Amino acid sequence: MKLEVLAYLDQAVDLFKEELGDNLSGIYLHGSLAMGCFQPDSSDIDLLIVVEDKLPAEVSHSLAGRIVAFHDSLPNKRGIELSIVLKTYLHNFVYPTPFEFHFSEAHLERYRTDKNYLCGGFEDADLAAHFAVVYHRGFILYGEPIREAFAPVDQRYYLDSIIRDVDDAPQNIGNAPLYYTLNLCRVLYYVQEGHVSSKKEGGEWGLQHLPERFHGLLRRCLKEYSGARAEGYELELLTDFAEYMMAEIER
């Protein structure tokens, strides 16, 4: 992790301590930054915030304003993504998992333009994957040690969570080639070997284990993920890859 980003993580911890006070139980880093493949041009900073009790609306609104300002100050293009969850779900897991508050780039404009907007009080299947990554690959920024704070997520929930990200790949891979290609590898890597991996690690695994006809596509995606300029992708090859991978995942 670059020192510049680490300094911003310290700022995030201070922000949540100030806003949440005694209700704050833990702050955990997951995603690409935790797994050593963070790219400033394409990665966001992924945080999971744990609280003891439900958030009052006024706390959530105050948080939203400060998080937008913090997001705008970050040096990476995609800023921050975070969810706030109740501590009880770390050991008494529920799937899909309820969350108190969520912020990401996709919600940024709504938070900016609608002072009454809050994303919270719903369930999110993605949280099973976030919990699992924290447990296996994450870093503690504040609170209890990970293996004390979290119980391991049941494999069936983690697998369902990551498959949901790719189950429409044959129809949509042409719209986001890098995302679907590397995520499909990540899912099959888990199916076959049980390893909780990053997208980059999934692509590297694919080069070692998938048919040679897909190696050019995987190399292109890995180069783009590492910051190289995006090249053109052949839709026929992408669709062939997605259909092959989904068949392997579902075997």
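Below is a summary of the structure that appears in this document. A quick note: this is a predicted structure, and the numbers were derived from the prediction, not measured. (Residues numbered from 1 in each chain as written. Predicted model: local features only at pLDDT ≥ 70, side-chain atom pairs only at ≥ 80, totals over all residues. Heavy atoms only, no water.)

## Describing the overall build of the chain
- Per the secondary structure count, the chain includes 13 helices and seven strands.
- Taking 2.2 N^0.38 as the reference for a compact globule, 251 residues should give roughly 18 Å; the C-alpha atoms of the chain span a radius of gyration of 18 Å, in line with that estimate.
- Its C-alpha atoms put the chain at 55 × 35 × 35 Å along the principal axes.
- Per-residue burial for the chain yields a buried fraction of 50% across its 251 residues.
- Across the chain, every contact between residues at least 6 apart in sequence was considered, and the portion connecting residues at least 24 apart equals 66%.
- Working note: accessible area of the chain is about 12,100 Å², and carbon and sulfur atoms make up 46% of it.
- Across the chain, the centroid of the 23 positively charged side chains sits 4 Å from that of the 40 negatively charged ones. (Helix = DSSP H or I, 4+ residues; strand = E, 2+ residues; numbered from the N terminus. Rg over C-alpha atoms; globule rule 2.2 N^0.38 Å. Buried < 20%, exposed > 50% of the residue type's maximum accessible area, 1.4 Å probe, protein only. Contact = heavy atoms within 4.5 Å. Areas by Shrake-Rupley, 256 points an atom, 1.4 Å probe, with all protein chains shown as cover. Lys, Arg positive; Asp, Glu negative; His and termini not counted. Charge placed at Lys NZ, Arg CZ, Asp CG, Glu CD.)

## What about helix α3 (residues 57-73)?
- For α3, with 17 residues, the first-to-last C-alpha span of 25 Å sits near the 24 Å given by 1.5 Å per residue.
- Buried within α3 we find S60, L63, A64, I67, V68, F70 and H71. Down the axis of α3, the buried set is contained in an arc of 165°. They therefore lie on one face. (Expected span 1.5 Å × (residues − 1). Arc of directions from axis to C-beta.)

## Topic: the sheet that holds strand β3 (residues 80-86)
- An order of β5-β3-β2-β1-β7 is seen for the five strands of this open sheet, with the pairing classed as mixed. At either end of the open sheet lies a strand with only one pairing partner, and these are β5 (101-103) and β7 (139-143). For this sheet, the mean angle separating the axes of adjacent strands, direction not counted, is 15°.
- Relative to β7, strand β1 (residues 24-30) runs antiparallel, the two being bridged by four bridges. Counted as the bridge partner of G26 is G143 from β7. (Pairing = 2+ DSSP bridges. Axes fitted to C-alpha atoms, helices over the stretch in contact; angles between N-to-C directions.)

## Quick word on the pairing of strand β2 (residues 45-51)
- Of all the seven residues making up β2, seven are buried; the element is thus mostly covered by neighbouring parts of the structure.
- Of the two faces of β2, the one lined by I45, L47, I49 and V51 and the one lined by D46, L48 and V50 are each fully buried.
- Pairing geometry for β1 and β2, over six bridges, is antiparallel. Directly across from H30, in β2, lies its bridge partner D46.
- As paired strands, β2 and β3 are joined by seven bridges and run parallel to one another. Across the sheet, residue I45 finds its bridge partner in β3, namely I80.

## Quick word on the state of the cysteines
- All told, the structure shown has zero disulfides when counted by the stated rule.
- Considering cysteine sulfurs only, C221 is the nearest to C185, which forms no disulfide, with 8.1 Å between them.
- C185 gets classed as buried once you look at its relative accessible area, which sits at 0%. (Disulfide = S-S within 2.5 Å.)

## What about unusual backbone geometry?
- Backbone torsion omega between Y95 and P96 reads -10°, so that peptide bond is classified as cis.
- Relative to the helices and strands, P96 is located in the loop between α4 (88-91) and β4 (97-99).

## Some words on the pattern of salt bridges
- According to the stated counting rule, one finds 16 salt bridges in the structure shown.
- Note that R78 is salt-bridged to D44, the shortest N-O span being 3.5 Å. One end of the pair, R78, is in the loop between α3 and β3; the other, D44, is in the loop between α2 (31-34) and β2, with 34 residues separating them in the sequence.
- Residue R78 is classed as partly exposed on the basis of its relative accessible area of 33%.
- R112 is the partner of D72 in a salt bridge, and the nearest nitrogen-oxygen pair spans 2.8 Å. Of this pair, D72 sits in helix α3 while R112 sits in helix α5 (residues 108-113), and the two are 40 residues apart along the sequence. (Salt bridge = Lys/Arg side-chain N within 4 Å of Asp/Glu carboxyl O.)

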